[in-house]
Amino acid sequence: MINNIKYNKGGYSMNLESCKLVFVVSPSDDSEQEKTVKEIINQLIKDDKKNDRDNLIYINSLNTFGWMNNVLGKDDLINCNLKLLTKCDEIYILPNYELDELCNQCIGISKLLDIPITYL
């Protein structure tokens with residue numbers, strides 16, 4: 001069964017059976033925000049390793065769907081993000097989300113589906 005797969009390289013392993021998907025959502029989709037999101041996720045991963053947490057997988061809309069900006073319209077991109085969110089175990093919201101449509105949609109869906117929300 002695929003859930004029992006465990007990859008180990010360099011002393012760090014991840015047990016897929018206990019993994020949680022964490023959707024990191026941020027306002028805007030410009031290159032500066034993408035850099036900020038990467039820095040935050042890198043820090044989250046470093047903190048996880050430091051604290052022996054090996055069960056969190058971080059995903060975000062910019063890296064997952066950002067390349068589709070020229071192909072899909074805004075509503076389609078939001079729907080792609082919301083579909084992905086329904087597969088996640090938690091959601092992290094980055095600062096300054098209040099006026100961003102995607103962030104507010106994700107918060108609403110998370111509340112509806114009882115997905116835990118963490119505001120960073």
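Structure first, text after, so check above.
Residues numbered from 1 in each chain as written. Predicted model: local features only at pLDDT ≥ 70, side-chain atom pairs only at ≥ 80, totals over all residues. Heavy atoms only, no water.

Asker: Even after reading the chapter, I still don't get the overall build of the protein chain, so can you show me in this structure?
Answerer: In terms of helices and strands, the protein chain carries 4 helices and 6 strands. Secondary structure elements of the protein chain, listed N to C terminal, follow the sequence β-β-β-α-β-α-α-β-α-β. Counting the 120 residues in the protein chain, one finds 33% classified as buried. For the protein chain, long-range pairs separated by at least 24 residues make up 67% of all intrachain contacts whose partners lie at least 6 apart in sequence. Of the roughly 7,700 Å² of accessible surface on the protein chain, a fraction of 51% belongs to carbon and sulfur atoms. (Helix = DSSP H or I, 4+ residues; strand = E, 2+ residues; numbered from the N terminus. Buried < 20%, exposed > 50% of the residue type's maximum accessible area, 1.4 Å probe, protein only. Contact = heavy atoms within 4.5 Å. Areas by Shrake-Rupley, 256 points an atom, 1.4 Å probe, with all protein chains shown as cover.)

Asker: Quick question: what am I supposed to make of the nonpolar core here?
Answerer: Across soluble globular proteins, nonpolar side chains show a tendency to be buried alongside one another. With 18 residues, the main nonpolar core has F23, V25, L85, I91 and C106 as its most contacted residues. Listing elements by their share of this core, those giving two or more residues are β3 (20-25), α3 (74-85), β5 (90-93) and α4 (101-112). Counting residues per element, this core draws most heavily on α3, at 5 residues. Setting aside residues up to four positions removed in sequence, I91 forms contacts with F23, V25, L85, C106, S110, I115, P116, I117 and T118. Counting 10 residues, the second-largest nonpolar core is a separate cluster that includes V22, V24, V37 and Y92. (Core = buried A, V, L, I, M, F, W, Y, C linked by side-chain atoms within 4.5 Å.)

Asker: Would you take a moment to explain the side chain of D48 for this structure?
Answerer: The topology assignment puts D48 in helix α1 (residues 31-50). Engagement of the side chain of D48 in a polar contact is seen with the side chain of Y58, the distance being 2.6 Å. Discounting chain neighbours no more than four positions away, the residues touching D48 are R53, L56 and Y58. (Polar contact = N/O pair within 3.5 Å; in protein donor to acceptor, adjacent residues only side chain to side chain.)

Asker: Even after reading the chapter, I still don't get α4, so can you show me in this structure?
Answerer: Because an α-helix packs 3.6 residues into every turn, residues spaced three or four apart end up facing the same way. Given a rise of 1.5 Å per residue, 12 residues ought to cover 16 Å, and the 17 Å separating the end C-alpha atoms of α4 matches this to within 8%. Those residues of α4 that fall on the buried side of the exposure criterion are L102, C103, C106, I107 and S110. For α4, the arc enclosing every buried residue in end-on projection is 135°, short of the 170-degree limit, so these residues lie on one face. For α4, exposure combined with an orientation more than 90 degrees from the buried face picks out K111 and L112. (Expected span 1.5 Å × (residues − 1). Arc of directions from axis to C-beta.)

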